[in-house]
Amino acid sequence: WVSRQCVLPNKEQVLLDWAAHTLSVYYSKKVDVPLEVVEGTWTYLDDVLHSKKLSNVLSQGKTITLNPAVSQIINERVIEGTSGTLSVSLSTILSCCHGILTSPVLSVSYTARYDLLVELLSRICGLACLRLSQQESVEPLPLKVFEVLFLVLSSYLTVQRQQGNTNRVFTQVTEHLLQPLCQLRHLLTTRAWTDEDDLKIRQNLNKDIRNKVDQILQSSLFLHDRLSYYKEEVLSSEQQSGAKKGPVNNTLFCPVATILSKLVHGHEDDTEDLYCAVRCSSLPLLLKFALDSFSKEDENKLVCFHMMTKFVTALGFTDDLSIKETFNTANWSLVLLSLENILNSCLAGDIYNVAADRIHHKEVQLHFYRKVAQLLFNNARTDIPAWYRCLKTLLALNHQILEPDLDELISSAWVDADNIELRAKKARETLVCAVIQTYAKLRQLPRLIEELLAVICRPAADELRQELLPEAVQRSLSQCLLDSPPSQNLEICRLILEKIENDFLYVSEMRKESALKLFFLSILLHAVIFSLKTLDNSTPVPILRQAQSLMEEMLKFVRSLLQCLEGVLITDTLWGEKIQETVLLLTHTWHEADALFQIHCSKYTSPAGASPEMSSVYDTLEKVLALTGSGQVSSPLSRLLQKLLALHRMKKHLLASPLLVSDAETKSILCEAAQYVVNRQEPFVNLSTEQTWDLQLCSVNSDTYSVAYWFLVITNLPLIAPYLTREDAHYVANTMLNSLLESDLGSHLEKTDQSVFLISKQLLESTVLCELPDLHSAVVTSISQKFFELFCASDVPSFLKPGKEFAVESVDKEPHMADVSPSLRRLKATAQQIMNCVETGVLITVSETQVDRLLQLVKITSVLNPHAMSLEDYLELFLSSFRLSFCVQRDENGVLSVPISLLGELFKLMTLLLMGQNSHTVFKVVLGSTLLEAVMTSVFSCFSKGLFSRVDCAAWFPFLQSIQAFIQCLIQLIITRRSSVRINLERFTNFMIKRMTPIRSSSVDSGEHEEALYVQLHLATMSTLCKEMIPVLGKNRQLDETFTQLLEKIISMMRPAIQAVLTGKAGSVLRQSFSVDVVTVMIKSELAMAPYQTEDIAEGNGQVKFSHMALYKSFVQQILKELWPAPRPMDFLISSIHYLSVFYLAAETTKELDLEDLHFMILQSVHKLLSGTWLSVSEVKELEAPVKDMLDQLMVSCSQEQFHLLFLLLRDGLIASKVKGGYHKDTLASLTLIKLLACCSLPKTCTKAFWLTVPQIISSLVFVIRESSEVASLTSTLTVPAVETLTTLLRQGTAQLSNPHHVIMGLGALHVVPLDSQSMDNYYSAFHAIHEALFAIILCYPKVMLKAASTFLNCFYRLVTSIIHEGRQKGEKEREKDSGTLLKCAMLVERMYTHIGNTAEGFTVLSSFIVAQYVSELQRVTLQPEIKAHLTEGIYRILDICVERDIKFLNMMLQMGVKEVFGELYKNYLHYHKSQRQGEEKYTA
């Protein structure tokens, strides 16, 4: 093949023929060839077919053909590979097939013989199905099989489309391909993919193969010109009369029957289960293809319907939709899922027109769907979710389908449904909600409730019934009742009450069935009444009379019920429980409704009279309790209802007259009721449970009662808290803390249902707790106590125990403490002993479990609002936190260490407390300097004991930051409160200087690691001290003198320390940024002291000198050397840029360096840094703020020469060769610096020069945007930064850019910014950048907008179209992932619409076009509700500027479909927005 010595005429054709002949004679058994030769020949043929030489020969135009026998041989070998009898490598056979089909010349051997290609496709499908069905096999799927399969499918689809005889295509597909293709698609769809399966198969080939299969089936079976055959088969002779019938052959005369026969029959009995699954998944798919092809024209919809009926019967049913004898009941799940998909296709295809079916077709569709409903009810499978979804789709098609079986629907799917698994339960609730909503829209809710009542009152095992109104059903019913006419709602209440009265006749017989039915009915009545709109003074008189009559009748019934039961001794426990619950529930419902009606409607008269006393409630409770004989409430729901009635009693007393609350008797009643609600001795309450409750009374039982009880207490705290005893308040506080400690505060996701933990968490985070001072105080006290409850009493020193146990006799002896409150004296004594014990080192050893528990407590405490704490609570909590910070240590395998995470959280908590309004009270019990010294002493003592030996850097730096934050906050407090500022800071500074000296001699013994941490702690503390003193200089002369001396002392101590760190081994432990930050503070300190160096300035001829300038110079040289060449941590980069800025200011002040060179070196280094390939775009963004600060410092006194050099640097990144040559980071650096430079304050000459060159910059930016927009990957790297730079220039250049051409040129560039095929982050950044540019134009250049309004709107229309497309309804996971980003985009669009509406003069003419564009896009998709809400609010602002002529124009010009969308939008605009706006304008001056 490759030898140059083998010279044959047409050598390539000869060798191919030889290989083909060898294989042909072997497989035809004419010659006996050894197997090794056969394998070698296949390998040789494979090498030839994939050789580059063959490709070159064919490309030169030589004619080479492949023996047709090879294709037949390959087909036979594929079937041998499927059966497992293949003697050669299947991979080689498939590779040969691949080589033939990929060559346009050689593939003729298949494409010229359609039947041969069909055979290959059928067999390769069989091979793929075999591999896919071996789910349990450990071997991964062979990639080659699926690559060749996809190639064969593509080749076949091309050939099929070229076939002129569609009848032949139909026959070949139905005879040979339908079954294997459907099986292949089913196996690909249902396979449980594993990590072992090739990624290319899972992600790409899987989807591509299914798409090809769909195209083959649709184009072969359901061509539009084949419609006449389907009509001929499925329509009756009456419907087809008058139609001209052409000659057709018998096979094609019944295409539906042919397709179904292949799917239903033609397989072995042992594969029945597989083929049933294939049939069930294929029938809905084929119907969808048929509908897509035929249902677009109205006259064909009846044909589609009759096809659908045949597809339904093919699922295993007879023509009258009864189950066949051969039906396997184990397949119900598959069959129902298939039926659901078929019905959904009919609904989506809109083939059922109710009016047309009734008028023209004698309701043939309605009768069939009723048969389907009968099939579902006769074979109810309430454990399968698809059963409910089928009924829901039938309801959506036409509610009359289910109307005759409404009682059966309510019974099976609602009242008598079994306790089923969660998915089926969700489907059931969705169906019930759909039924309620449908009948509400029809204004037939009373009819539905009537049927519901009839089903409830049927004889049944009521105790086995599930709750009648789950949360979803209750919510749907409430919403529907709110939208229903009041007369219908009252009719519903009367129907329920009449049914209760009818069942009441059997209650006295003590039949538990009657009691249960009565309970269900009372639950329903409660739900309905609580969902009604309350009566008010605008309620029509007939409605008022109906309501008055209902309330009278209801009260009369409750009294008659109790009267009937009086003296009856209960023997049946269940009967007694349900009677109790019913009476209490009806009483609670009546009283709540009666109270609301009285409050809101002055015309309403209570049947119980106008007395505030609830005598009827007392009577009811006494009689109910008397029923049990023991006087006890027996069920959880009864106990909850009794508490609700107690709350109602409190409300009645409080509403009667606020002046009576101070009355002793009234207050006693209120306190008694509040204590009864809380009831510390409440039985059957387990507040550590993880049980959830859906807030429905019908679901309250022994399991959910604890959650219901806690929910009742917490939600009514504002009412009951003022009347709780101290013990009750502490009980609530302790219970809340215990429930929070049972779970991690941040680990629980929000649920729709409530749990004890979630209720407690919501209370802790709410503002309600702050408004209840007694309860808030109880929470703080409980936290302080729990801090030390974890330890053994013997381990805790006396002064660390809770405050009440601590004696203050010694403090009482001090004469100056006589006038101080006892609590403050106690706290001062506690603080004094704590400070004394810091030196002695009191220790408490804790376990890992105790550390975790303390961490939980600290996190909970951090949520509390320090402003809401009383003085005593505040100090108690602060001192408790401080106690723990110096005495808690952990024992790890006999070695003590510090729980550093706990210490860090404690310091964060104390910092948070110091921000509260009571922070100044800390200085009433301890001096500021004493507290600062105690903190540092406690931390230093850990070093001396070697307790930090095991701390790693990852844990150390957060801890160090928390100490710094605490010290900073405390020093700020000392300065702002003027609490002996001079004394406190002098003492603390001297203390830190003294503690700095000993470490130098002892650091060798303590180890390099601890030495580094020790030095870092010192430097961090002293730099924090300097940072807080610097801003105070210049405000007070006395303090200025003190602070300059202190700063000088501190700096003199910091220099040797930082040099020791840099030269010693300890420097490797520290972060680079730390050293830079410390030296930056040193420079700032010297700069702050410079104005006070009067003597030094006089001696040095007016020149300021810095004592450590050599150190600063060495630092700047090192930073300029290390800043950009290699990747560095982000904190180091930010610190270094800050340092360069401060150092340049120091150089300007001292005038010791050449500022020209330094200026350029700094800018050049920063430019190189920003253009570094190792920096991501987000990291460049992070560096913008420090670079902006640096530019502000450098450019404020910039000379023209310096500015010219900078501009040359920036211009280099924007030239075309850089952009096209791939130097994108250089361009990004220039874009960033130009954007920041535009916001800087420049000297007058530089400002003029800058804005003179801005037009050229804008031209360059437009070029960059257009070039980078062509490559999607450059969107975030170049396109968006260029647009942001353009926006900044437009905003800052309002006064300088006088030529509108430059603005319009920038506007034109926005049209090319890509919004498609982007990740969500890139999409939002591009969307936001375009919006901000448009907003800058409309805000800053209104005159330009008048000329370019259409261009502007076209660009904005891109954003509208994009957000409507991206914001369409998607799958649950995808929606959750992108919803936040898309919501922000929708808010931006709303913002722009609003601004356009406010600048009406420029858009009045175009307002109708803006609305037309919006509704045209909206009509194409279904938007997510939250996104649609923002877009709707925005378009309402445009409708505000539309005049009547615009509305008429839109109604006349919009197409059908779009016009309906506009009509709905305009109707809602008039109803919700315009009326509200006009109401607001009425009160606007």
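*Asks:* Help me understand the overall build of the protein in this model?
*Replies:* Along its length, the protein carries 66 helices and five strands. Residue burial in the protein is summarised as follows: out of 1485 residues, 53% are buried. Total accessible area on the protein is roughly 65,900 Å²; 51% of this is exposed by carbon and sulfur atoms.

*Asks:* Would you mind going over the packing of aromatic side chains with me for this structure?
*Replies:* Ring pairs (aromatic) are described by centroid distance and by the angle formed between their planes. In total, this model carries 42 aromatic pairs according to the counting rule given. Considering the side-chain rings of phenylalanine 943 and tryptophan 956, the 6.1 Å spacing of their centres and the 75° angle between planes classify their relative orientation as edge-to-face. Taken together, the residues span a long stretch of sequence, with phenylalanine 943 in helix 42 (residues 928-944) and tryptophan 956 in helix 43 (residues 953-976) at a distance of 13 residues. A network of ring pairs unites the aromatic residues Phe907, Phe940, Phe943, Phe948, Trp956, Phe959, Phe966 and Tyr1014 as a single cluster. Note that arginine 639 overlies the ring of tyrosine 705, its terminal NZ or CZ placed 4.7 Å from the centroid.

*Asks:* What is the right way to look at the packing of helix 22 (residues 445-456) against helix 24 (residues 486-503) in this model?
*Replies:* Pairs of packed helices are described in terms of their axes, by the angle between the two and the distance that separates them. At a closest axis distance of 9 Å, the pairing of helix 22 and helix 24 adopts a crossing angle of 15°. Taken together, the axes of helix 22 and helix 24 are roughly parallel relative to one another. Crossing handedness for the pair helix 22 and helix 24: right-handed. Residues Leu445, Pro446, Ile449 and Leu453 of helix 22 lie in contact with helix 24, whose contacting residues are Gln488, Glu491, Ile492, Leu495, Ile496 and Lys499. When the residues that make up the contact of helix 22 with helix 24 are grouped by side-chain class, the tally is seven nonpolar, one polar and two charged.

*Asks:* Is there a simple way to explain helix 58 (residues 1300-1309) in this structure?
*Replies:* An α-helix turns once every 3.6 residues. As a result, residues three or four positions apart point the same way. Of all the positions in helix 58, only His1302, Val1303, Gly1306, Leu1307, Gly1308 and Ala1309 are classed as buried. The secondary structure elements touched by the buried residues of helix 58 are helix 56 (1244-1269), helix 57 (1275-1292), helix 59 (1320-1340), helix 60 (1342-1347) and helix 61 (1349-1366). Of the residues flanking the start of helix 58, the one acting as N-cap is asparagine 1299, its side-chain oxygen 3.0 Å from the backbone nitrogen of histidine 1301.

*Asks:* I tried to follow a nonpolar patch on the surface on my own but got confused; where do I start?
*Replies:* Together, Phe1409, Phe1449, Met1452 and Met1453 make up an exposed nonpolar region whose accessible area comes to about 440 Å². Here the nonpolar patch gets three residues from one element, more than from any other, and that element is helix 65 (residues 1444-1453). Counting through the fold element by element, methionine 1452 comes out in helix 65.

*Asks:* Hey, could you run me through the environment of threonine 573 in this one?
*Replies:* Along the polypeptide, threonine 573 turns up in helix 27 (residues 573-600). Take threonine 573: its relative accessible area is 57%, and that puts it in the exposed class. With 61 residues separating them along the chain, threonine 573 and lysine 512 place their C-alpha atoms 9.2 Å apart.

*Asks:* Is there a simple way to explain the pattern of salt bridges in this structure?
*Replies:* Any two side chains of opposite charge can pair if their charged atoms end up close together. Inspection of the entire model under this criterion finds 33 salt bridges. For glutamate 789, the salt bridge goes to lysine 786, with nearest N and O atoms at 4.0 Å. Taken as a pair, glutamate 789 and lysine 786 lie in helix 35 (residues 773-789) at a separation of three residues, close to a single helical turn. Judged by relative accessible area, which is 54%, glutamate 789 ranks as exposed.

*Asks:* Is there a simple way to explain the nonpolar core in this structure?
*Replies:* A general feature of soluble globular proteins is that nonpolar side chains tend to end up buried together. One finds Trp42, Phe146, Tyr369, Leu394, Trp956, Phe1250 and Ile1363 to be the most contacted residues of the largest nonpolar core, which totals 501 residues. A total of 13 residues in this core trace back to one element, the largest contributor, which is helix 43. Those residues in contact with tryptophan 956 that lie beyond four places of it in its chain are Ile900, Phe943, Phe948, Val951, Leu1013, Gln1016 and Leu1017.

*Asks:* What exactly am I supposed to notice about the packing of helix 59 against helix 61 here?
*Replies:* Relative orientation of the contacting elements helix 59 and helix 61 amounts to 150°, with a least axis distance of 11 Å. Considering their axes alone, helix 59 and helix 61 lie roughly antiparallel with respect to each other. Here the hand of the crossing between helix 59 and helix 61 comes out left-handed. Contact residues: helix 59 offers Met1320, Tyr1323, Phe1327, Ile1330, His1331, Leu1334 and Ile1338, while helix 61 offers Phe1352, Cys1355, Phe1356, Arg1358, Leu1359, Ser1362, Ile1363 and Glu1366.

*Asks:* It is not clear to me how the state of the cysteines should be interpreted in this structure. Could you clarify?
*Replies:* A covalent bond between the sulfur atoms of two cysteines is referred to as a disulfide. By the definition in use, this model includes zero disulfides. Residue cysteine 480 stays outside any disulfide, its sulfur separated by 8.4 Å from that of cysteine 433, the closest cysteine. The class of cysteine 480 is buried, set by a relative accessible area of 7%.

*Asks:* Even after reading the chapter, I still don't get helix 45 (residues 1008-1029), so can you show me in this structure?
*Replies:* Taking 1.5 Å per residue, 22 residues should reach 32 Å; helix 45 reaches 32 Å between its end C-alpha atoms and fits that length. The buried fraction of helix 45 amounts to 18 of the 22 residues, a majority that puts the element mostly inside the structure.

*Asks:* Can you help me understand unusual backbone geometry in this one?
*Replies:* The residue lysine 362 is not glycine, and still its phi comes out positive at about 55°. For lysine 362, the position within the fold is in the loop between helix 17 (354-360) and helix 18 (364-378). Classification of lysine 362 by relative accessible area gives exposed; the value is 74%. Phi is positive for leucine 695, which is not a glycine, with a value near 70°. Relative to the assigned elements, leucine 695 resides in the loop between strand 1 (692-693) and helix 31 (705-715). What makes leucine 695 partly exposed here is its relative accessible area of 36%.

What counts, and where the lines are drawn
- Residues numbered from 1 in each chain as written.
- Predicted model: local features only at pLDDT ≥ 70, side-chain atom pairs only at ≥ 80, totals over all residues.
- Heavy atoms only, no water.
- Helix = DSSP H or I, 4+ residues; strand = E, 2+ residues; numbered from the N terminus.
- Buried < 20%, exposed > 50% of the residue type's maximum accessible area, 1.4 Å probe, protein only.
- Areas by Shrake-Rupley, 256 points an atom, 1.4 Å probe, with all protein chains shown as cover.
- Phe/Tyr/Trp six-rings, centres within 6.5 Å; stacked < 30°, edge-to-face > 60°.
- Lys NZ or Arg CZ within 6 Å of the ring centre and 35° of its normal.
- Axes fitted to C-alpha atoms, helices over the stretch in contact; angles between N-to-C directions.
- Parallel < 35°, antiparallel > 145°, perpendicular 65-115°, else oblique.
- Left-handed = near helix turned anticlockwise from the far one by under 90°.
- Contact = heavy atoms within 4.5 Å.
- Nonpolar A, V, L, I, M, F, W, Y, C, P; charged D, E, K, R; others polar.
- Polar contact = N/O pair within 3.5 Å; in protein donor to acceptor, adjacent residues only side chain to side chain.
- Patch = residues over 30% accessible without salt bridge, like charges linked within 9 Å, V, L, I, M, F, W, Y side chains within 5 Å.
- Salt bridge = Lys/Arg side-chain N within 4 Å of Asp/Glu carboxyl O.
- Core = buried A, V, L, I, M, F, W, Y, C linked by side-chain atoms within 4.5 Å.
- Disulfide = S-S within 2.5 Å.
- Expected span 1.5 Å × (residues − 1).

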